[in-house]
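Residues per chain, in single letters:
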Amino acid sequence: MSLKIYNTFTRSKEVFTPIEAGKINMYVCGMTVYDYCHLGHARVLVAFDVISRYLRNAGYAVNYVRNITDIDDKILNRADENGEPYTDLTARFIDLMHQDEARLGVQRPDQEPRATAYIAEIIAMVSSLIEKGYAYAADNGDVYYSVAKFGPYGQLSNKNPDELLAGARIDVEQAKQDPRDFALWKAAQASEVHWDSPWGKGRPGWHIECSAMSTCCLGNSFDIHGGGPDLPFPHHENEIAQSEAATGEKYARYWMHAGAVRVDGEKMSKSLGNFFTIREILDKYHPEVVRYLLIASHYRSAINYSEDSLQTAKTALERFYKGLKGFEAFAPVALADLPAPSEYIARFHEAMQDDFNTPVALAVMFDLVRALNTAVKDGDELQQQKLALELKSLGALLGLLQSKPDDFLQAGGEDELSAEAIEAKIQQRVEAKANKDYTLSDKIRDDLKAQGVILEDTGGVTTWRRG
RNA sequence: GGCGCGAUAGCAAAAUGGUUAUGCCGCGGAUUGCAAAUCCGUUUAUCCCGGUUCGAUUCCGGGUCGCGCCUCCA
């Protein structure tokens, strides 16, 4: 069994072979920090979190780099609107992003380079592109990349450069020699934030920072480059043009792009203003519910967000947690460390190795929890322990099932009945049952149910959860 | 206009040239004081029209509808 990855560049699933055996260098385009992260960002964060976790678990030494773009027109505009230094704005949203990612259980990347820390490298790359004839300094102080000079331009997004020229419909900057050319360096206006450069005071263009940071952190060529669904063109196309022209080497080998998150059939995006932030969703739902929702569809397919879909995700997770009650003591282990792994482990690997097919991986876990429930019913303790450990270990690999079952099943809002009040009611009911006063005991149970609390009498013991 | 993706049961979502996806919901049974949970069983599918094939949801062609990128967006 070998790992297969869908490569945007070839538009096909390919057997994955790293440049250096056992090592994977991976770069993912991260956030431009001027606003809260929304669910679309969460999708990319979680997708590549699961991918990097799986690759590590499969034994690869993964170097996962995810950048932060902390200088950009939108950042400067927002800081201007707020009347604050742009560095205050970016520091705040970097911090908030880290909070969101921690709450979602997303492991931090190995390196998290920021554009403003790589200005010297960016200037060096732009200089190199000018020297090699791929870029030119215009009269207005901007530096542009000359798209016509890069023969393979358009390969990633499957675009014909000639047709791009015909289709240009934005106001073309006068200083450009060709409408398709894009800015590597932008001259600073009057009092704007700027750095000194051979072309005067200015700041980096949008795409160059990723070329510079990925090359500095991972080398001229690396294994995987990932990002959101709207990045293949122009961002990644331009990265390829910049990097390959500057280094003369193949840039990234496998391009991976997450699918869109939609709302009512339309892409969730800042420009449409139809986005839900991660934190507002996490105010109402357990982080694992959000993770489950994002993983229950394949990472490349579009998903349609709704409150209902979160509710369904919660119900699905409850099935796992109900099965794990009583196995709190089992700590998850790496899959390679499982003793005598069951067929479910092999099936899980098979699913994940097929372009990280998490929906199938979850289906395997549902089969596993059924087997676990059966083992519990049959009183087969060895089998129970084995399967519970396996389920927790598979869950851990996906960043799920990390809570104690009761913590997950009993989690409630502040306005809901307290655990103490529920326990007191249960005690009253135990006494009623002992007196065979089923009318009272059923009334207590019905009253609790009306308040969203479900009682379960299992083996003479009553437990509860919120429905 | 260019490039690309998708259409699967009540909902969500995989896969597959012939054989159970899976989860939720519905129905029946076991279990239970009654429930809940669990287990067992079970009802609903492959957008339309052609073609290839012994056989197509799956491959090919055409169509319809939806969506994405082509402009800042993950």
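Going by the structure above, here's the rest.
Read on for an overview of the structure. What you see is a predicted model, and the numbers here were worked out from it, not measured in a lab.

Now for unusual backbone geometry. Omega for the bond connecting F233 with P234 falls within 30 degrees of zero, at 0°, which places this linkage in the cis form. The residue P234 is located in helix α7 (residues 232-247) in this model. With a phi angle near 55°, D355 is a residue other than glycine that sits in the positive phi range. Assessed through its relative accessible area of 0%, D355 is described here as buried. Look at L401: it is not a glycine, yet its phi comes out positive at around 60°. If you trace the backbone, L401 turns up in the loop between α13 (381-398) and α14 (405-410).

Attention shifts here to the side chain of N25. Within the secondary structure, N25 sits in strand β3 (residues 23-32). Every residue in contact with N25, bar those within four places of it in the chain, is listed here: N63, L218, F222, D223 and I224.

As a further point, take the side chain of S393. Tracing the backbone shows S393 in helix α13. Polar contacts involving the side chain of S393 include one to the main-chain amide nitrogen of V333, which spans 3.0 Å. Excluding residues within four positions of it along the chain, S393 makes contact with P332, V333, L335 and L338.

Of all residues adjacent to RNA strand B, which total 58 residues, the nearest are W206, G228, K267, M268 and R445. Of all atoms in RNA strand B that approach within 4 Å of the protein, 68% are sugar or phosphate atoms. One nitrogen or oxygen atom from the main chain of H298 is found 2.7 Å from a phosphate oxygen belonging to RNA strand B. Contact distances for RNA strand B include 3.2 Å between a phosphate oxygen and a side-chain N or O atom of S301. Among the secondary structure elements, those contributing two or more residues to the surface near RNA strand B are α1 (39-57), α5 (161-167), β11 (261-263), α10 (307-324), α12 (358-378), α15 (419-434), α16 (438-450) and β14 (453-458). Considering each element in turn, the surface near RNA strand B owes the most residues, nine residues, to α12.

Looking now at the sheet that holds strand β5 (residues 135-137). Judged by pairing direction, the sheet is antiparallel, and its four strands sit side by side in the order β5-β6-β7-β8 without closing on themselves. Of all strands in the sheet, those bounded by a partner on one side alone are β5 and β8 (202-204). Within this sheet the neighbouring strands show an average axis-to-axis angle of 20°, counted without direction. Where strand β7 (residues 182-187) and β8 come together, three bridges link them in antiparallel fashion. If you follow K186 over to β8, its bridge partner there is R203.

Rules and cut-offs
Residues numbered from 1 in each chain as written. Chains lettered and ligands numbered in written order. Predicted model: local features only at pLDDT ≥ 70, side-chain atom pairs only at ≥ 80, totals over all residues. Heavy atoms only, no water. Helix = DSSP H or I, 4+ residues; strand = E, 2+ residues; numbered from the N terminus. Buried < 20%, exposed > 50% of the residue type's maximum accessible area, 1.4 Å probe, protein only. Contact = heavy atoms within 4.5 Å. Polar contact = N/O pair within 3.5 Å; in protein donor to acceptor, adjacent residues only side chain to side chain. Near = heavy atom within 4 Å. Pairing = 2+ DSSP bridges. Axes fitted to C-alpha atoms, helices over the stretch in contact; angles between N-to-C directions.

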